[in-house]
Amino acid sequence: MIVSLYIYTNSLVDDTAYKVSSFENRVIDDGGIFESNQCLLDDLRSLGGSTGIYTNAKRIDLFDDEKISITSSIQNINDISKVFTDYSQTFTIPANNINNSIFRHWYENSLEDGFDQRIRYDGYIEIDTQLFRVGKWQIESATIKNNQIENYKITFYGDLSSLMDKFKEDNLKDVETLNDYTIDYTGANVQSRLTSGVTEDVMFPLISSDRVWQYGDATSEDISTVGGAINYTELFPALKIKRIFDAIATKYDLTFNGSFLNNELFTEAYCWFKNKDIFNNYSQPQKINFTTTETDNFFNVDATTDELTAITFFEDPFFINAYAELQIFFPSTTNYILKVYKNGSEYTSLQGNLSSFNFIIDQTIGEGVYEFYLQTSESTTYTYNLDTFYFDTEPGSPNIWQSGLSQSGIGSLSSNIDLTALAPEIKVKDFFSGILKMFNLTAFSTNGTDFTLEQLENWYYLGDIKDLTQYTITDNLDFNRIKPYKKIDFNYEKSESILNRNFGDVNSREYGSLSYTFNNDGADYTIKLPFENLLFSKFTDQPMQVAYSLKTDFQKYIPKPVILYYLKNDEVSYYFNNGTSTVNLTSVANFGQDNIANGLINTLNWGVEISSYYLTPINNSLFNNYYLNYLSNLYSLKSRMLKVKMRLPYLELLNLKLNDRIVIRDKRYIINQYTTDLTTFESDFELIQDFRPLEYRNSGTKRISSSEDNYDFYTNSKEPLTWTILSDVDGMIASITDYSDKVNVAVNRNLGVSSRIASIVSNNNDTIIIEQEV
């Protein structure tokens, strides 16, 4: 077996022949005749030829005896809150001519444009010309002996590490594609999202950042009265987490897929977009478009790039003073922000409430390339004038200001919400990993671009069961006890909300947290999400709940990112000011910790808490839904870790997935991690005994409302299931539609005086009982 390592780097390549050939093809495509290919090629090479920078995969030279090993793991019992991936041990390569060329003599930092140790470079590993792993390479060190470079040390990182590398240190507000899901910010649109009963990408949870709403007490804060009406400007937007993931995928050229991403437990989760005390909406920044490309001695206007370049303010031997003036005119007094960028970075920002204003570029601001972005608080049109002037002291000149370039144009701005300006302060990688922890999702990829996200237990069910007994190369099986945790703490970030602090004072713990204690000795472990769990409060005898971004002293505060569930729309009477009039609304979109999915109430709390809406304990918590089965299997009295050495055939190793369940002799295991020596193909496995049932568990009881509706019941199976009606004596079921990861059941309205029951069955004999309320 031959192991080959490849790294993608930039190279200066002679592309003279390529360019001549491209020119020939263009001539022929246009119907011409080209007969001087070699002549043109010789002429160009006599003039020095043409070179270009190209990215190519280069093979890294290895020492003949260098050991190359890769450790593979997705979920490791030593750190259950993290999702892992392939990585290699750091290994050493020779500093020969080939590797010196690839790494551009990295040990010599006096060289310009050297190999950049700050980043990881794309690459892959081949075995006998077959692709084995895709990931990234990073240089670690170099060794010089006797004044001669001897070797380099490099490390290979797998796909998930590469994913986090793509996010860099970007903040969520840097994901400009969030605005792909924006809406026109009007009181009518906010009102619609409070009352329509349809979950839109952008919603407006009833969370106050200004006052403590009351209901029915006849005070000035009583929202059941006209005087206490909720103003639409009080409400910050919330965006579906699914759309945030879509925006991240678009920005970083990725794809995310997996059955859980279409589950209501994910699609009905929102992130509250608040990073300031008061929501003063400004439209998305719009670049001012110049109409004409023109230039003089001092300025250049490029209508293609919409850039104004200040070329110079001085001209020897005479003193020339010059400036450019950009004037903006609105139809009436308007709230605006003008952001000025110089050489690609934000230089300054002007904000005001005027019908016109100007910005001047002169010698005090300096030479450079300028761009202008305009925002307004409402939909409007504007006109602009761009003029340049110079004061000429040259002998014979009139010594007055002379006009230079001059042009004008028009533009329009919408009142779309700039979601990036409201995005909570969190890094993209922290937000992404926080959601993985919340739902105990695993992420895996075969190419570093397309990632599948699956809930961990479902991911194991999707794996194969493989008997690898014949490949063990040791006579003895080495069983070890699993080093357990004594206690695991599941937490959110501490909330400063008045309701959370009151809960904390009474209960001596944070709302939604959980400490789970095992009946064994061991260390404590904490899983902490980078989000805030905002406690809601339901008004007495009213199906309406609200929350407060207010401290105990009733002062505004900016929370950590808040994750919410859409619960449902309820009928309730309250007043709302949509900016045009105060209206009496009779329904509301309720948000909070709870969600109804697959006929069950689920919660974003880690542990069992009394629901702020239902006022009863909700058992389907984050821990019970996503961690309990995994940990129960892991820390079972019968659980053991098996350490065994195997030598797998290449195709078996290549096709081995981390969710495959391994049979050794008469027992079944899941993979904790395994390390493969690619020079000998010997693998050291750490396996954990597996007590999961082999069948897929799709049977159950679903409770639904009395209304006519469609319900998605999500399923687990390697192959798509087909469903039929097993029993339906009352004609509840209108139709059944099969999908790869769910079955959709359309039901008729229950017009009777009692609840009714129907059932459906799959081709695998799964049975779902559907109970419809009266």
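Computed from a predicted model, the values in this text were never measured in an experiment.

## Things to note about the overall build of the chain
Secondary structure summary: the chain contains 14 helices and 49 strands in total. Pairs at least 24 residues apart make up 71% of the contacts formed inside the chain by residues separated by at least 6 positions. Counting only carbon and sulfur atoms, one obtains 46% of the accessible surface of the chain, whose full area is about 35,300 Å².

## Topic: the side chain of Lys742
Turning to its location among the elements, Lys742 is positioned in strand β47 (residues 742-747). Here Asp712 takes part through its side chain, which lies 3.3 Å from a polar atom of the side chain of Lys742. Those residues in contact with Lys742 that sit more than four places away from it in its chain are Asp712, Phe713, Tyr714, Thr715 and Thr737.

## Looking at the nonpolar core
Ranked by size, the top nonpolar core spans 154 residues in total, and within it Phe103, Leu178, Phe256, Phe431, Phe439, Trp606 and Leu631 carry the most contacts. In terms of residues, this core owes the most to one element, strand β33 (residues 562-577), which gives eight residues. In terms of nonpolar packing, the next biggest core, distinct from the first, is built from 28 residues, Phe313, Ile361, Phe372 and Leu386 among them.

## Observations regarding the packing of aromatic side chains
Counted by the stated rule, this structure contains 50 aromatic pairs. Ring geometry for Tyr566 versus Phe591: centroids 5.6 Å apart, planes at 70°, classification edge-to-face. Linking Tyr566 in strand β33 with Phe591 in strand β34 (residues 582-592), this pair joins segments that are 25 residues apart in sequence. The pair formed by Tyr566 and Phe591 is uniform in burial state, with each residue classed as buried.

## Overview of unusual backbone geometry
One non-glycine residue, His105, adopts positive backbone phi at about 50°. Looking at the secondary structure, you find His105 in the loop between α3 (97-102) and β6 (121-127). Using a relative accessible area of 32% as the deciding quantity, one classes His105 as partly exposed. Of note, the phi angle at Leu615 is positive, near 60°, even though the residue is not glycine. If you trace the backbone, Leu615 turns up in the loop between β37 (609-610) and β38 (617-618). Look at Leu615 and you get exposed, because its relative accessible area is 59%.

## Quick word on the sheet that holds strand β48 (residues 756-762)
Read from one edge to the other, the open sheet built from four strands follows the order β43-β49-β48-β45, with strand pairing classed as mixed. Only two strands of the sheet have a single partner each, and these edge strands are β43 (700-704) and β45 (723-727). Across the sheet, the axes of successive neighbouring strands diverge by a mean angle of 30°, strand direction being ignored. Two strands pair when backbone bridges link them, and β48 and strand β49 (residues 767-772) are joined in this way by six bridges, in the antiparallel orientation. If you follow Ile757 over to β49, its bridge partner there is Glu771.

## Side note on the sheet that holds strand β32 (residues 545-548)
The mixed open sheet is built from three strands, whose spatial order is β10-β32-β31. Edge positions in the sheet fall to β10 (207-208) and β31 (537-538), since each of these pairs with one other strand and no more. Pairing of β31 with β32 involves two bridges; the strand directions are antiparallel. Bridge pairing in β32 links Lys538 to Gln545.

## With respect to the environment of Ile33
Structurally, Ile33 is set in the loop between α1 (16-29) and α2 (37-46). You can call Ile33 exposed: its relative accessible area is 72%.

## Details of the packing of helix α6 (residues 241-251) against helix α9 (residues 428-438)
α9 packs onto α6 with a crossing angle of 135° between their chain directions and a minimal axis gap of 12 Å. By the angle between their axes, α6 is oblique relative to α9. α9 is crossed by α6, and the crossing has left-handed handedness. Along the contact surface, α6 presents Ile241, Ile244, Phe245 and Ile248, while α9 presents Val428, Phe431, Phe432 and Ile435. Residue composition of the contact of α6 with α9, grouped by class: eight nonpolar, no polar and no charged.

## Observations regarding the pattern of salt bridges
Taken as a whole and assessed by the stated rule, the structure comprises 28 salt bridges. A salt bridge links Glu169 to Lys427; the nearest nitrogen and oxygen atoms lie 3.4 Å apart. In this pair, Glu169 sits in the loop between α4 (159-167) and α5 (187-195) while Lys427 sits in the loop between α8 (419-422) and α9, placing the two residues 258 residues apart along the sequence. As a salt-bridge pair, Lys556 and Asp210 come within 3.7 Å of each other at their nearest N and O atoms. Of the two residues, Lys556 sits in the loop between β32 and β33 while Asp210 sits in the loop between β10 and β11 (230-231), which places them 346 residues apart along the sequence. Each of Asp464, Lys466, Lys657 and Asp660 takes part in salt bridges that share partners, so that together they form one network.

## Considerations on the environment of Trp723
With respect to the helices and strands, the residue Trp723 is situated in strand β45. Residue Trp723 is classed as buried on the basis of its relative accessible area, which comes to 5%. Linking Trp723 and Asp677, residues 46 residues apart in sequence, is a C-alpha distance of 47 Å. Non-local contacts of Trp723, meaning those with residues more than four positions away in its chain, are made with Asn698, Thr715, Ile736, Asp738, Val743, Ile760, Val761, Ser762, Asp766 and Ile768.

## Some points on the pairing of strand β25 (residues 450-455)
Among the six residues in β25, five count as buried, and that is most of the element. Bridge count for strand β13 (residues 255-257) against β25 is three bridges, and the pairing is parallel. The partner of Phe256 across the bridge, within β25, is Phe451. Pairing analysis gives five bridges linking strand β24 (residues 441-445) to β25, with the strands arranged antiparallel. Bridging across to β25, Thr442 finds its partner in Glu454. Remark: four residues form the turn of the hairpin made by β24 and β25, two consecutive strands paired antiparallel; Gly448 in that turn has positive phi of roughly 80°.

## Thoughts on α9
Within α9, the full set of buried residues consists of Val428, Phe431, Phe432, Gly434, Ile435, Leu436 and Met438. At the C-terminal side of α9, Asn440 shows a positive phi close to 50°.

## Remarks on the side chain of Asn179
Note that Asn179 resides in the loop between α4 and α5. Overall, the relative accessible area of 11% leaves Asn179 in the buried class. A distance of 2.7 Å separates the side chain of Asn179 from the backbone nitrogen of Leu419, its partner in a polar contact. Setting aside residues no more than four positions away along its own chain, Asn179 makes contact with Gln284, Ile417, Asp418, Leu419 and Thr420.

## A closer look at the pairing of β32
Side chains Gln545 and Ala547 project from β32 onto one buried face, and the interleaved Val546 and Tyr548 project onto a second face that is buried too. In terms of strand pairing, β10 meets β32 through two bridges, oriented parallel. Bridge assignment links Ile207 to a residue of β32, and that residue is Ala547. With antiparallel pairing between neighbouring strands as the criterion, β31 and β32 make up a hairpin whose turn holds six residues, including Asp541 at a positive phi of roughly 60°.

Definitions and limits used
Residues numbered from 1 in each chain as written. Predicted model: local features only at pLDDT ≥ 70, side-chain atom pairs only at ≥ 80, totals over all residues. Heavy atoms only, no water. Helix = DSSP H or I, 4+ residues; strand = E, 2+ residues; numbered from the N terminus. Contact = heavy atoms within 4.5 Å. Areas by Shrake-Rupley, 256 points an atom, 1.4 Å probe, with all protein chains shown as cover. Polar contact = N/O pair within 3.5 Å; in protein donor to acceptor, adjacent residues only side chain to side chain. Core = buried A, V, L, I, M, F, W, Y, C linked by side-chain atoms within 4.5 Å. Buried < 20%, exposed > 50% of the residue type's maximum accessible area, 1.4 Å probe, protein only. Phe/Tyr/Trp six-rings, centres within 6.5 Å; stacked < 30°, edge-to-face > 60°. Pairing = 2+ DSSP bridges. Axes fitted to C-alpha atoms, helices over the stretch in contact; angles between N-to-C directions. Parallel < 35°, antiparallel > 145°, perpendicular 65-115°, else oblique. Left-handed = near helix turned anticlockwise from the far one by under 90°. Nonpolar A, V, L, I, M, F, W, Y, C, P; charged D, E, K, R; others polar. Salt bridge = Lys/Arg side-chain N within 4 Å of Asp/Glu carboxyl O.

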